[in-house]
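Read off the chains here:
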Amino acid sequence: MTARLLDGKALAQSIRTRLKEEVARFVQQTSVQPGLAVILAGENPASQVYVRNKSKACVEAGMNSFQHVLPAAVTQEELFALVDRLNADPRVHGILVQLPVPPQINALAVQERVLPAKDVDGFHPLNVGYLSMGLEGLVPCTPLGVMEILKDAQVPILGQQAVIVGRSNIVGKPLAQLLLREHATVTLCHSRTRDLPAVCRSADILIAATGQKKMIRGSWVKPGAAVIDVGISFEEENGKIKQVGDVDTGEVMEVAGCLSPSPGGPGPMTIAMLLCNTLRAARRQVGG
Ligand code: GUN
């Protein structure tokens, strides 16, 4: 059996096309253009690419993009001052502080400084709390993207066994809450989980978010399961740098019912969900 491919790139594109129309309608109704401010502190090359892509996507969707690039030596106080300014700026409806931040910066303190209503990353403890209570708030983008992929593919969630490998605050934990909200039975695994292959084999929905290259083998997957690979790592092959995920795609393709791979799966969805969150934040701040 070969798994059905769940193409995150194509889905992200169709969401972005629909969103562009929604943004145009919103602008027409309210005369307000949604705006996203992205803060990048330091010169992490991967972060520079991510931030550039986020800004470009914003403009393509008809939103305002405000980029703030700060030196690696920026102080906590300087960063706070910028966040305060953006919090008070009515043109800015969403604020994102690109991670990782330089070592002298306390990431949590900065996340807490962002107004919860403008926290399009969903990292503010208030939004994290809302999510865990099943209340309305802003939700992290990558987990939202995974849910959209599952829904678009009409993968049943209610009553299903969902296993997530990786307990990060950005992916694993919020995804567990979202799956729970849709009535899955959720198991959240990590590096100390006993007999991880056996736990993975119990999954109807298996989500890998560990950053460990190709760790999920074909023999870890229940035949017919839905597998989503959130991992983004890089390796060299024939002198070229190539993206790989947490899943051994070749092996898992032969066992799973459907697979959203890396690259080409959840990655492109993250930016689409960021745009959705920005429009949602704008709606809640402006009405319309
Ligand atoms: N760095 C890697 N992923 C993310 C993300 O989703 N949001 C932010 N702010 N930084 C990141």
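Here the structure is a predicted model, which is why all the values come from computation and not from measurement. (Residues numbered from 1 in each chain as written. Predicted model: local features only at pLDDT ≥ 70, side-chain atom pairs only at ≥ 80, totals over all residues. Heavy atoms only, no water.)

1. Some remarks on the site of the ligand
Here is step 1 of the chain: Every residue close to the ligand is listed here: L96, V97, Q98, L99, D121 and F123.
Here is step 2 of the chain: V97 has a polar backbone atom sitting 2.8 Å from a nitrogen atom of the ligand.
Here is step 3 of the chain: At 2.6 Å, a side-chain N or O of D121 approaches a nitrogen atom of the ligand.
Here is step 4 of the chain: When isolated, the ligand has an accessible area of 280 Å², and the protein chains bury 80% of it.
Here is step 5 of the chain: Placement of the ligand is best described as lying within the largest pocket.
Here is step 6 of the chain: Considering only residue class, the shell around the ligand consists of four nonpolar, one polar and one charged. (Near = heavy atom within 4 Å. Polar contact = N/O pair within 3.5 Å; in protein donor to acceptor, adjacent residues only side chain to side chain. Areas by Shrake-Rupley, 256 points an atom, 1.4 Å probe, with all protein chains shown as cover. 1 Å grid on protein atoms, 1.4 Å probe; cavity = no way out; pocket = protein on both sides within 12 Å on 5 of 7 lines; lining within 4 Å. Sits in = over half its atoms within 2 Å of the grid points. Nonpolar A, V, L, I, M, F, W, Y, C, P; charged D, E, K, R; others polar.)

2. Overview of the sheet that holds strand 6 (residues 185-189)
Here is step 1 of the chain: Spatial strand order, 1-11-8-7-5-6: six strands in an open sheet with parallel pairing. Unpaired on one side and paired on the other, strand 1 (4-5) and strand 6 mark the two borders of the sheet.
Here is step 2 of the chain: Bridge count between strand 5 (residues 161-165) and strand 7 (residues 205-208): four bridges; the pairing is parallel. Residue pairing in the sheet places V163 in a bridge with L206 of strand 7. (Pairing = 2+ DSSP bridges. Helix = DSSP H or I, 4+ residues; strand = E, 2+ residues; numbered from the N terminus.)

3. A look at the pattern of salt bridges
Here is step 1 of the chain: Tallied over the full model, the rule gives twelve salt bridges.
Here is step 2 of the chain: Among the ionic pairs, R18 bridges to E22, the shortest N-O distance being 3.7 Å. Of the two residues, R18 and E22 are both situated in helix 1 (residues 8-30); the distance of four residues between them amounts to about one turn of the helix.
Here is step 3 of the chain: The partner of K242 in a salt bridge is E237, and the shortest N-O contact between them spans 3.0 Å.
Here is step 4 of the chain: One salt-bridge network, held together by shared partners, links R18, E22 and R283. (Salt bridge = Lys/Arg side-chain N within 4 Å of Asp/Glu carboxyl O.)

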